[in-house]
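# Descriptive structure summary
Single-letter residue listing:
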Amino acid sequence: MDSKEMYIKAAFEKIIPLFRESGLPIDEIEERLQIKFADIAPKWAGLCQSRISGYYPQEEHEILISNKVDNGFDAIDVLIHEVCHAIQFHLYADEVRPHGKEFKVIAEAVGLSGKMPNTYPNKELEIKIKIWEKDIGIY
């Protein structure tokens, strides 16, 4: 496992309480969520691919973070945004728009602001991410 993968796994452990404290069902999807780095569309920093599959249908969530993300702060920010998509799929499946009002409620609950396709952390979340960055170490 390379250092970026170890970093993002540690970051995921840091953000779990953020979702719990916001009353979002992270515990229901945590075990079926995979996080990877990949070359994805140039304009995207991250991507969440969620689906229901298997003989006994189960949700699966794959979060891809662009290899072009070059620092820990942005990686954690992207991770939080993409986990919001996984939560949205868990709650609504494909019945709602990817960055619609349901996504906005989830994103704002964990501290993301701005236009929903291009969220950024509010001041409180920014402080948390900077603390997590120091705790985790080098990206």
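The structure this text deals with has already been given above.
Residues numbered from 1 in each chain as written. Predicted model: local features only at pLDDT ≥ 70, side-chain atom pairs only at ≥ 80, totals over all residues. Heavy atoms only, no water.

## Quick word on the pattern of salt bridges
Put simply, the rule is: One speaks of a salt bridge when a side-chain nitrogen belonging to Lys or Arg is within 4 Å of a carboxyl oxygen belonging to Asp or Glu. When accessible area is computed with a 1.4 Å probe and restricted to protein chains, residues below 20% of their type maximum are described as buried, those above 50% as exposed, and intermediate ones as partly exposed. Each helix is a run of DSSP H or I of at least 4 residues and each strand a run of E of at least 2, with the numbering of both proceeding from the N terminus.
Summed over all chains, the structure comprises nine salt bridges. The closest approach of N and O atoms between R20 and D27, which form a salt bridge, is 2.8 Å. Judged by relative accessible area, which is 44%, R20 ranks as partly exposed. Take D27: its relative accessible area is 47%, and that puts it in the partly exposed class. Residue E124 is joined to K128 by a salt bridge in which the shortest nitrogen-to-oxygen separation is 3.8 Å. Within this pair, E124 and its partner K128 are both found in helix α5 (residues 123-136), separated by four residues, close to a single helical turn.

## Focus: the layout of surface pockets
Keep this limit in mind: Here the term cavity refers to a set of points on a 1 Å grid, laid over the protein atoms alone, in which a 1.4 Å probe fits but cannot get out; the term pocket refers to an open set having protein on both sides within 12 Å along at least five of seven lines, with lining residues being those that place an atom within 4 Å of a point. Grid points are joined across faces, edges and corners, and a volume is the space filled by probe spheres set on the points. In this classification, the charged set is Asp, Glu, Lys and Arg, the nonpolar set is Ala, Val, Leu, Ile, Met, Phe, Trp, Tyr, Cys and Pro, and all remaining amino acids, among them Gly, are polar.
In this model, the largest pocket occupies a volume close to 660 Å³. Contributing to the lining of the largest pocket are 25 residues, with G46, H81, E82, H85 and H99 lying nearest its centre. Put simply, the parts of the chain that give the lining of the largest pocket at least two residues each are β2 (46-53) and α3 (72-92). A per-element tally of the lining of the largest pocket places α3 first, with eight residues. Considered class by class, the residues forming the lining of the largest pocket number 11 nonpolar, nine polar and five charged.

## Description of the packing of helix α1 (residues 3-21) against α5
Where we set the bar: Orientation is described by axes fitted as lines to C-alpha atoms, over the contacting stretch for helices, and by angles from 0 to 180 degrees between their N-to-C directions. Should the near helix be turned counterclockwise from the far one by less than a right angle, the crossing is left-handed, whereas a clockwise turn marks it as right-handed. Working rule for contacts: check all heavy atoms of both residues, and any pair within 4.5 Å makes them a contact.
At their nearest, the axes of α1 and α5 sit 10 Å apart, and the two run at 145° to each other. Considering only the axes of α1 and α5, their crossing is right-handed. Judged by residue contacts, Y7, A10, A11, K14, I15, L18 and E21 of α1 engage L125, K128, W132, E133, D135 and I136 from α5. In terms of residue class, the contact of α1 with α5 is made up of eight nonpolar, no polar and five charged.

## Some remarks on the pairing of strand β3 (residues 58-66)
On a regular strand, one side chain projects to one face of the sheet and the next to the other, so that they alternate. To keep things clear, this is the line we draw: The criterion for strand pairing is that DSSP finds at least two bridges linking the strands in question.
Of all the nine residues making up β3, seven are buried; the element is thus mostly covered by neighbouring parts of the structure. Direction of pairing for β2 relative to β3: antiparallel, over a ladder of eight bridges. Across the sheet, residue I52 finds its bridge partner in β3, namely E59. Taken together, β2 and the strand that follows it, β3, pair antiparallel across an intervening segment of four residues, in which G54 is found at a positive phi of about 100°.

Any functional reading would require information beyond the geometric quantities listed.
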